Amino acid sequence: MLFRSNGDFYIIEDCVNQEFKPFFFEFMEKNKINYKFINNKIKMITTNNSFISDYDDGPMPSPVSLIYENLLQFIKNKNNKPNKKVYISRRSFQNDMHNLNSNRLLNEEVLENFLIDYGFEIVRPENDFKNDFKKQINYFYQVKTLMALTTSGLCNSIFMQPNNNVLEFVTVLKEANRPISHLRKKSAENDSNNIYEVLHNYFKYLAKQKNHLYWAIANSTYDAIDLLNYLKNNKYLMQVISD
């Protein structure tokens, strides 16, 4: 997570994983960007000039294009036109006891098999691009349609060329100790553990900043079969999937 306040950049320390750090340091130093790490236990920074603010309920003051333009230096062939259709899978996280949101979608393999028939590639960024962030940037630079559940994988839309497609299966997530202003409702079954249900708007605004066509599809039943039926009965979405 990255913030800007009074010209200085602040990074939540635990949000930069070990695999990403070498690239991060190279990127910041190459572009002569001053930055400071801060501990994630402090209160959320709230300023009127945040660079990227998670859980933001309005347009981001500074465009994501700033990141995109600086990342272009790592693209091997900028003339490549986007031709990939990608679904970001969450199946490797299923039944993860350490993840509150491990089971976001039942029967996910049914949806994946359907999308494969329409030329989609199934991607698991945590496995496919581990230790190679430049490879990840170049891969998503060639993506024209990105589909995923509400997940950090949708941040890869930043690396896509502008004016493409992002489809989000909007999913209510469970989070611990989320500030009251960001709550959707308290989860009754986890009341004693301060577990809350929240909706993220973040990925919608990322797509907007890149001028992508953004589609929000409610994942209300957490079942891929229901999502698949919805897709099949929506001619506009099927056109996006088919193209």
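Scroll up to find the structure this text is about.
Parameters and conventions
Residues numbered from 1 in each chain as written. Predicted model: local features only at pLDDT ≥ 70, side-chain atom pairs only at ≥ 80, totals over all residues. Heavy atoms only, no water. Salt bridge = Lys/Arg side-chain N within 4 Å of Asp/Glu carboxyl O. Helix = DSSP H or I, 4+ residues; strand = E, 2+ residues; numbered from the N terminus. Buried < 20%, exposed > 50% of the residue type's maximum accessible area, 1.4 Å probe, protein only. Polar contact = N/O pair within 3.5 Å; in protein donor to acceptor, adjacent residues only side chain to side chain. Contact = heavy atoms within 4.5 Å. Phe/Tyr/Trp six-rings, centres within 6.5 Å; stacked < 30°, edge-to-face > 60°. Lys NZ or Arg CZ within 6 Å of the ring centre and 35° of its normal. Pairing = 2+ DSSP bridges. Axes fitted to C-alpha atoms, helices over the stretch in contact; angles between N-to-C directions.

A.B. asks: What is the right way to read the pattern of salt bridges from this model?
C.D. replies: In a structure, side chains of opposite charge can pair up when their charged atoms sit close to one another. Under the counting rule described, the total for this entry stands at two salt bridges. Note that Glu121 and Lys84 form a salt bridge whose closest N and O atoms lie 3.4 Å from each other. Linking Glu121 in strand β5 (residues 120-123) with Lys84 in strand β4 (residues 84-88), this pair joins segments that are 37 residues apart in sequence. For Glu121, a relative accessible area of 31% gives the class partly exposed. Its salt-bridge partner being Arg124, residue Glu112 comes within 3.9 Å of it at the nearest N-O pair. Here Glu112, found in helix α3 (residues 108-117), pairs with Arg124, found in the loop between β5 and α4 (125-128); they are twelve residues apart in sequence, far enough to count as distant. Relative accessible area serves as the criterion here: at 22%, Arg124 is assigned to the partly exposed category.

A.B. asks: I would appreciate a short explanation of the side chain of Asn219 in the present structure.
C.D. replies: Within the element layout of this structure, Asn219 appears in the loop between β11 (213-218) and α7 (224-232). One polar contact links Asn219 to Thr171, side chain to side chain, over a distance of 3.0 Å. Polar side-chain contacts of Asn219 include one of 3.2 Å to the backbone nitrogen of Tyr222. Not counting residues up to four positions away in its chain, the partners in contact with Asn219 are Arg104, Leu105, Leu149, Phe169, Val170, Thr171 and Leu227.

A.B. asks: I would appreciate a short explanation of the packing of aromatic side chains in the present structure.
C.D. replies: Any pair of aromatic rings gets described here by the distance separating the centres and the angle formed by the planes. Scanning all chains against the criterion turns up six aromatic pairs. Joined through ring pairs, the aromatic side chains of Phe129, Tyr139 and Phe140 make up one cluster. The residue whose ring lies beneath Lys210 is Tyr68, and the NZ or CZ to ring-centre distance is 3.8 Å.

A.B. asks: I keep staring at the sheet that holds strand β6 (residues 143-149) and nothing clicks. Help me out?
C.D. replies: By way of backbone hydrogen bonds, the strands of a sheet pair with one another, either parallel or antiparallel. Strand order in this open sheet of five strands is β5-β4-β6-β7-β11, and the pairing throughout is parallel. One side of each edge strand has no neighbouring strand; the edge strands of this open sheet are β5 and β11. Across the sheet, the axes of successive neighbouring strands diverge by a mean angle of 20°, strand direction being ignored. The pairing of β6 with strand β7 (residues 165-170) spans five bridges and is parallel. Bridge pairing in β7 links Leu149 to Phe169. The strands that helix α8 (residues 235-242) touches are β4, β5, β6, β7 and β11; relative to β11, the one it contacts most, it runs at about 120°.

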